[in-house]
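Secondary and tertiary structure notes
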Amino acid sequence: MRTALISAIAACAEQRFQRKAHKFLLGLSTDELQYIAEFLGACVLESLGRSALSRRDLADGIAQFEQVRHGRTGLLADREHKMILLLEYLCRSRLTYCCLAMRAERT
């Protein structure tokens, strides 16, 4: 399962960054990989198009995802760690368009 997650998540990165994304993902646990895959799946389902977002907008989208996903349950430190890993993956992979419908709420 781990190998399939790494391959699938790395394939989401822009082609020129896939090798770098793959190397980054190799260092993550299966739980962390599942978290990233869940976020990317939610983005596909709630796609807003392909406009680039700032790192801050991405962080806000991840925070919203986490709030909807778990509310206030689970270990805060673990959730924050996964949120940071997800943000780093999105930025390193140039997936700066990947976010949830939160952007529509601001307008």
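Residues numbered from 1 in each chain as written. Predicted model: local features only at pLDDT ≥ 70, side-chain atom pairs only at ≥ 80, totals over all residues. Heavy atoms only, no water.

1. What about the confidence of the model for the protein?
In low-pLDDT regions, the fine details of the predicted coordinates are not to be read closely. Confidence in the prediction of the protein, expressed as mean pLDDT, is 80, and 77% of residues score 70 or more. The weakest mean pLDDT in the protein belongs to helix α6 (residues 102-106) at 42; the strongest belongs to helix α2 (residues 18-26) at 94. Across residues 102-107, where pLDDT falls below 50, the model places 11 contacts with residues more than four positions away in sequence or in other chains. (pLDDT = per-residue confidence, 0-100. Helix = DSSP H or I, 4+ residues; strand = E, 2+ residues; numbered from the N terminus. Contact = heavy atoms within 4.5 Å.)

2. Some words on the side chain of glutamate 32
With respect to the helices and strands, glutamate 32 occurs in helix α3 (residues 30-45). Among buried charged residues, glutamate 32 stands out as having no salt bridge; its nearest opposite-charge side chain is arginine 2, 7.0 Å away. Those residues in contact with glutamate 32 that lie beyond four places of it in its chain are His81, Lys82 and Leu85. (Buried < 20%, exposed > 50% of the residue type's maximum accessible area, 1.4 Å probe, protein only. Lys, Arg positive; Asp, Glu negative; His and termini not counted. Salt bridge = Lys/Arg side-chain N within 4 Å of Asp/Glu carboxyl O.)

3. Some remarks on helix α1 (residues 2-12)
Among the residues of α1, those classed as buried are Leu5, Ile6, Ile9 and Ala10. Relative to the axis of α1, the buried residues are bounded by an arc of 120° and lie together on one face. Seen from the open side of α1, the exposed residues pointing more than 90 degrees away from its buried face are Thr3 and Ala4. (Arc of directions from axis to C-beta.)

4. Things to note about the nonpolar core
If you look at the biggest cluster of nonpolar residues, it comprises 27 residues, and the most contacted ones within it are Leu25, Ile36, Phe39, Leu40, Tyr89 and Leu90. When residues in this core are grouped by element, the largest group, seven residues, is from α3. (Core = buried A, V, L, I, M, F, W, Y, C linked by side-chain atoms within 4.5 Å.)

5. Some points on the environment of leucine 58
Structurally, leucine 58 is set in helix α4 (residues 55-70). Spatially, the C-alpha atoms of leucine 58 and threonine 96 are 7.0 Å apart, while their sequence positions differ by 38 residues.

6. Description of α2
For α2, the full list of buried residues reads Ala21, Phe24 and Leu25. Down the axis of α2, the smallest arc covering the buried residues is 95°, so these residues share one side. Pointing more than 90 degrees away from the buried face of α2 are the exposed residues Arg19 and Lys23.

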